Amino acid sequence: MTTAFSRRRAAGFTLVEVMVSTVLLSVVCTSVFMAFKSSLRWTRAGTSQAQFLANARIAADNVVGLIERGKAFSVITNGVRILFPDLTYATIYFDPGDGNVATVEDNRLVYDPIPASTGDEYTICTFVRPVDGDAVSNIFQSVVGSPDSLAIRFHVGDGTNMAAQSFSGTGLGY
């Protein structure tokens, strides 16, 4: 013979069953959250890498265009001086910002259309560093054996010192 009390008990869950299901649900939710967080980090890194690539290509096109418009060029200490057909000259140079080449967030390539005056410079590209570590002189090089040729090598991307920044973790850059 069944009583009303035993029928109510059979229809519910025990405390142990509720606790086990709560723990399992929290493990599943934590796993989903961690997967979502990881995908956001990878998406941000991919977006930053794509932006670095676009910035580097635009900078390379700008530098090449400026040099091609010139009549002659000469490599200077940290850049290149361009002589234009109207006999004016401009410079493109690497600015390490704080003086430390390794901190890329303040490094930039700068175009100065009138080197004799100040305030007319503009930034071609940011997050720049030399390809060969600290050798700033390796960014702009005359090609040996070909006086009409210039090699321009620079890296655009985040540095290893930017762990807390949103750009961090995008790889080597361009």
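Scroll up for the structure.
Residues numbered from 1 in each chain as written. Predicted model: local features only at pLDDT ≥ 70, side-chain atom pairs only at ≥ 80, totals over all residues. Heavy atoms only, no water.

Some points on the overall build of the protein
For the protein, the helix and strand inventory stands at two helices and nine strands. Reading the protein from its N end, one meets helices and strands in the order α-α-β-β-β-β-β-β-β-β-β. Counting across all 174 residues of the protein, residues that qualify as buried make up 26%. Counting every atom, the protein has about 11300 Å² of accessible surface; 62% of that belongs to carbon and sulfur. (Helix = DSSP H or I, 4+ residues; strand = E, 2+ residues; numbered from the N terminus. Buried < 20%, exposed > 50% of the residue type's maximum accessible area, 1.4 Å probe, protein only. Areas by Shrake-Rupley, 256 points an atom, 1.4 Å probe, with all protein chains shown as cover.)

Some details on the pairing of strand β4 (residues 108-112)
Most of β4 is tucked away: four of the five residues are buried. Here strand β3 (residues 89-95) runs beside β4; their pairing, made up of five bridges, is antiparallel. The residue bridging Tyr 93 from the neighbouring strand is Val 110, located in β4. Across four bridges, β4 lies against strand β5 (residues 122-126) in antiparallel orientation. Bridge pairing in β5 places Leu 109 opposite Cys 125. (Pairing = 2+ DSSP bridges.)

Side note on helix α2 (residues 15-69)
Residue pairs three or four apart in sequence face the same way in an α-helix, which turns once every 3.6 residues. The first and last C-alpha atoms of α2 sit 80 Å apart over 55 residues, in line with the 81 Å expected at 1.5 Å per residue. For α2, the complete set of buried residues consists of Ala 45, Ser 48, Phe 52, Ala 56, Ala 59, Val 63, Leu 66 and Ile 67. Here the buried face of α2 lies against β2 (79-83), β3, β4, β5, β8 (150-152) and β9 (154-156). (Expected span 1.5 Å × (residues − 1). Contact = heavy atoms within 4.5 Å.)

Regarding the environment of Ala 102
For Ala 102, the position within the fold is in the loop between β3 and β4. Residue Ala 102 is classed as partly exposed on the basis of its relative accessible area of 43%. In this structure, the C-alpha to C-alpha distance between Ala 102 and Val 128, residues 26 residues apart in sequence, is 9.6 Å.

As for the nonpolar core
Membership of the largest hydrophobic core comes to 25 residues, with the highest contact counts inside it found for Ile 92, Leu 109, Tyr 111, Ile 124, Val 128, Phe 154 and Val 156. Taken together, the elements giving at least two residues each to this core come down to α2, β2, β3, β4, β5 and β9. Top contributing element to this core by residue count: α2, with six residues. (Core = buried A, V, L, I, M, F, W, Y, C linked by side-chain atoms within 4.5 Å.)

A word on the environment of Gly 157
Following the sequence through the fold, Gly 157 ends up in the segment after β9. A relative accessible area of 0% means that Gly 157 is categorised as buried. With 29 residues separating them along the chain, Gly 157 and Val 128 place their C-alpha atoms 6.8 Å apart.

A few points about the packing of aromatic side chains
This structure, assessed with the given rule, holds two aromatic pairs. Taking 5.4 Å as the distance between ring centres and 65° as the angle between the ring planes, the aromatic pair formed by Tyr 111 and Tyr 122 counts as edge-to-face. You can see Tyr 111 sitting in strand β4 and its partner Tyr 122 sitting in strand β5, a full 11 residues away along the chain. When its relative accessible area of 41% is taken as the criterion, Tyr 122 is described as partly exposed. (Phe/Tyr/Trp six-rings, centres within 6.5 Å; stacked < 30°, edge-to-face > 60°.)

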